[in-house]
Amino acid sequence: MYHLRQRANLAFAVATLLALMALCLWTGRRFGAQEQRGPEVAVVVAARAIPAHTKLTPELLTTIPIARRYVLPTYQTNLTALGGQVALVTIAPGDVITTSVAGPPAGLGPDERLLTVAAGEQVIMEPTIQTGDRVDMIVAFTDGGNDRSELYLTGLEAAAARRDGEQLLAVTLRLTLEQARQVVWAENFGRQVRLVRQPARIGTERGRAG
């Protein structure tokens, strides 16, 4: 019995020693890798999905450590400095907040409005529409029992395009107040609304008003 206890104690001591050696080896490698990467900087990232034009608040953001050598000048590293800024585009969870995706809210003229049009069975959008594009709106409707379609509005600015992967979910349009009224009319009374992307900016015209 005495010899069995000695063997058990010896095995325990050996196991403990091996565990300590493994811990020291892992710690040495970890600190060695950290020294090789250099000092780290806390970089601001999105804590969750942030739709375009959303005001950036602390609960929407978090920070992660990144080696200073990999931090670009456009990366945001100060949560406080983002106060009052908005998402200029839709930001996915974990995306780094840079000066190209966050900034002061775009100024709207006294007669300008932002109106979001969501894709659906009634509203069909050209899937290649991107933020900043100019789009045309074509509306199909019934007039006196006859089916018609016409170029309704042209040259509308896509202030933001929201996606889920490759699927275009919604487009936020920058409009005059009168154009906003026309778009609402088309969504409510038009049989089908299509947004098509312009190859180049060709100006804005007014279309049919119901």
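Just above, that's the structure.
Now for a quick tour of the structure. (Residues numbered from 1 in each chain as written. Predicted model: local features only at pLDDT ≥ 70, side-chain atom pairs only at ≥ 80, totals over all residues. Heavy atoms only, no water.)

## Brief notes about the overall build of the protein
In terms of regular secondary structure, the protein is built from two helices and ten strands. Written out in order from the N terminus, the α and β elements of the protein read α-β-β-β-β-β-β-β-β-β-α-β. When the 210 residues of the protein are sorted by exposure, 30% land in the buried category. Long-range contacts, defined as pairs at least 24 residues apart, comprise 66% of the intrachain contacts of the protein with a sequence gap of at least 6. Summed over its atoms, the accessible surface of the protein is roughly 13,100 Å², and 56% of this surface lies on carbon and sulfur atoms. (Helix = DSSP H or I, 4+ residues; strand = E, 2+ residues; numbered from the N terminus. Buried < 20%, exposed > 50% of the residue type's maximum accessible area, 1.4 Å probe, protein only. Contact = heavy atoms within 4.5 Å. Areas by Shrake-Rupley, 256 points an atom, 1.4 Å probe, with all protein chains shown as cover.)

## Structural notes on the sheet that holds strand 10 (residues 192–197)
The mixed open sheet is built from six strands, whose spatial order is 5-9-8-7-10-6. In the strand order of this sheet, the two ends are held by strand 5 (112–118) and strand 6 (123–125), each with one partner. Within the sheet, the average angular offset between the axes of one strand and its neighbour, ignoring direction, is 35 degrees. Sheet analysis places strand 7 (residues 134–143) next to strand 10, joined by six bridges and oriented antiparallel. Across the sheet, Val-139 pairs through a bridge with Val-193, a residue of strand 10. (Pairing = 2+ DSSP bridges. Axes fitted to C-alpha atoms, helices over the stretch in contact; angles between N-to-C directions.)

## So, the environment of Pro-58
Mapping Pro-58 onto the fold places it in the loop between strand 1 (40–46) and strand 2 (61–67). With relative accessibility at 67%, the residue Pro-58 sits in the exposed group. Remark: the alpha-carbon pair of Pro-58 and Leu-79, spanning 21 residues in sequence, is separated by 7.4 Å.

## Things to note about the nonpolar core
Across soluble globular proteins, nonpolar side chains show a tendency to be buried alongside one another. In terms of nonpolar packing, the biggest core is built from 24 residues, with Met-137, Val-171 and Leu-173 touching the most fellow members. When residues of this core are traced back to their parent elements, those giving at least two are strand 5, strand 6, strand 7, strand 8 (146–164), strand 9 (167–176), helix 2 (177–189) and strand 10. Take this core: its biggest share by element is five residues, from strand 8. Once you skip the residues sitting within four places of it in the chain, Met-137 turns out to touch Glu-150, Leu-151, Tyr-152, Leu-153, Leu-173, Val-183, Ala-186, Val-193, Arg-194 and Leu-195. Ile-50, Ile-91, Ile-97 and Val-101 belong to the second-largest nonpolar core, a separate cluster that totals twelve residues. (Core = buried A, V, L, I, M, F, W, Y, C linked by side-chain atoms within 4.5 Å.)

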